[in-house]
Amino acid sequence: MSEKYDSNNIFAKILRKEIACNKVYETNYSIAFRDINARAKCHILIVPKKAYISLNDFSIKASNEEKADIFSVISWVAENENIKESGYRVLTNVGEHGHQEVKHLHFHLLGGQPLGGMIKKLEII
Ligand code: AMP
C-alpha cells in the first residue's frame, strides 16, 4: 500500500503560512526558501506547492507544467544566488534509505563554496 500524505508536515505548514519561512522565490507551482539548518553557505529548498510526498509521487502525479516549473525555479534560484557559474548541487532525498526527514517533496540546492565529494563511500551491506 502506498504511503499517505501527512498534511501536518512542516512544509505543508509553511505552504499554508502557519509558520514562517525565509522565502527566496515563488511561482504558481513552487516555492523556494532557505534551509533552517544550512549545510553550506547557500542552502535553499525548492518545494512544489501541491501535496507530493517525494519524487516517486511527483513523477507520477504532477503535470508537465509543474515539472517544468520546478526545474526553472531551481535554475532561477541558482542564477539569483550567483552560484550558476561556480557550480552547485541539487539533491532530493526519497524514503527510508534516502533518509528523507520531511515527507513533502523538496530539492536541496547547495552551493556558494566547494562541496566536496558527493557522499562518503558506504559499506555495502
Ligand atoms: P530531508 O532530510 O531531505 O527531508 O531534509 C529536510 C530539510 O528541511 C532539512 O535540511 C532541514 O534543515 C529543513 N527544515 C526543517 N524544518 C525547516 C523549516 N522550518 N524551514 C526551513 N527548513 C527546514
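Summarised in this report is the structure supplied together with it. Everything numeric in this text was worked out from a predicted model, so none of it was measured. (Residues numbered from 1 in each chain as written. Predicted model: local features only at pLDDT ≥ 70, side-chain atom pairs only at ≥ 80, totals over all residues. Heavy atoms only, no water.)

Describing the packing of aromatic side chains
Pairs of aromatic rings are described using the distance from one ring centre to the other and the angle between the two planes. The line we're drawing: Each Phe, Tyr or Trp ring, with Trp reduced to its six-membered ring, pairs with another whose centre is within 6.5 Å; inter-plane angles below 30 degrees give stacked pairs, above 60 give edge-to-face pairs, and intermediate values give tilted ones. Counting from the N terminus, the helices are the DSSP runs of H or I reaching at least four residues and the strands are the DSSP runs of E reaching at least two. For each residue, the accessible area found with a 1.4 Å probe, counting protein chains only, is set against the maximum for its type, and the residue is called buried under 20%, exposed over 50%, and partly exposed in between.
Under the defined criterion, the tally for this structure stands at 3 aromatic pairs. Summarising the aromatic geometry, the rings of Y25 and W76 are spaced 3.7 Å apart at their centres and angled 5° between planes, so their arrangement reads as stacked. Here the residue Y25 occupies a position in strand β1 (residues 23–26), and W76 occupies one in helix α3 (residues 64–80), the gap between them amounting to 51 residues. For the ring pair Y52 and F58, a centre distance of 5.2 Å and an interplane angle of 85° mean the geometry is edge-to-face. In this pair, the class of Y52 matches that of F58, namely buried.

Re the pattern of salt bridges
Stated formally: For this document, the term salt bridge refers to a Lys or Arg side-chain nitrogen within 4 Å of an Asp or Glu carboxyl oxygen.
Evaluated as defined, the whole model comprises 8 salt bridges. The residue E18 makes a salt bridge to R16 at a minimum N-O spacing of 2.6 Å. A residue is classified by how much of its surface remains accessible, and E18, at 48% relative accessible area, is partly exposed. Accessibility expressed as a relative area gives 40% for R16, which makes it partly exposed. Taking the shortest distance from any N to any O, the salt bridge between R34 and E81 comes out at 2.9 Å. Placement of the pair is R34 in strand β2 (residues 30–34) and E81 in the loop between α3 and β4 (88–91), with a sequence separation of 47 residues. By relative accessible area, R34 is classed as partly exposed at 33%. Taken together, the salt bridges that share partners define one network made up of K23, E26 and K49.

Observations concerning the sheet that holds strand β5 (residues 107–111)
Note the following rule: Strands pair, by our definition, only if DSSP identifies at least two bridges between them. All axes are obtained by fitting lines to C-alpha atoms, using only the stretch in contact for helices, and the reported angles, taken between N-to-C directions, cover 0 to 180 degrees. Should any heavy atoms of two residues lie within 4.5 Å, those residues are considered in contact.
Read across the open sheet, the 5 strands follow the order β1-β2-β3-β5-β4; overall the sheet is antiparallel. The sheet is open, and its two borders are formed by β1 and β4, each paired with just one other strand. Strand after strand, the sheet turns through a mean of 20° between neighbouring axes, direction not considered. Pairing geometry for β1 and β2, over 3 bridges, is antiparallel. Bridge pairing links K23 to F33 in β2. Relative to strand β3 (residues 42–48), α3 is tilted by about 160°, and along the sheet it contacts β1, β2, β3, β4 and β5.

Remarks on the layout of surface pockets
As a reminder of what qualifies: Using only the protein atoms, space was sampled on a 1 Å grid; points where a 1.4 Å probe fits but cannot get out form cavities, open sets with protein on both sides within 12 Å along at least five of seven lines form pockets, and lining residues are those with an atom within 4 Å of a point. Grid points are joined across faces, edges and corners, and a volume is the space filled by probe spheres set on the points.
Here the largest pocket defines a volume of roughly 970 Å³. Around the largest pocket sit 33 residues that line it, and R39, H43, L91, N93 and H108 are the ones nearest its centre. Contributions of two or more residues to the lining of the largest pocket are made by α1 (10–15), β2, β3, β4 and β5. The element that contributes the greatest number of residues to the lining of the largest pocket is α1, accounting for 3 residues.

Let's talk about the site of the ligand
The cut-off we apply is this: Throughout, the term near means that a residue has one or more heavy atoms lying within 4 Å of the molecule or strand in question. In protein, a polar contact requires one atom able to donate a hydrogen and another able to accept it; more generally it is a pair of N or O atoms within 3.5 Å, and residues adjacent in sequence count only if both atoms are side-chain atoms. Note on areas: these come from Shrake-Rupley sampling with a 1.4 Å probe, and a residue is covered only by the protein chains present in the view. For a cavity or pocket, the test is whether more than half of a molecule's atoms lie within 2 Å of its grid points; if they do, the molecule sits there. Amino acids are sorted into nonpolar (Ala, Val, Leu, Ile, Met, Phe, Trp, Tyr, Cys and Pro), charged (Asp, Glu, Lys and Arg) and polar (every other residue, Gly among them).
Around the ligand lies a shell of 17 residues, among which D35, R39, N93, E101 and H108 are the nearest. A distance of 2.8 Å separates an oxygen atom of the ligand from a polar side-chain atom of N93. Here H108 contributes a side-chain N or O atom positioned 2.8 Å from an oxygen atom of the ligand. When the free accessible area of the ligand is taken as 510 Å², the share hidden by the protein chains comes to 89%. Taken atom by atom, the bulk of the ligand overlaps the largest pocket. At the level of elements, α1 and β2 are the ones that each hand at least two residues to the shell around the ligand. Here the element with the most residues in the shell around the ligand is α1; it accounts for 3 residues. Partitioning the shell around the ligand into residue classes produces 7 nonpolar, 6 polar and 4 charged.

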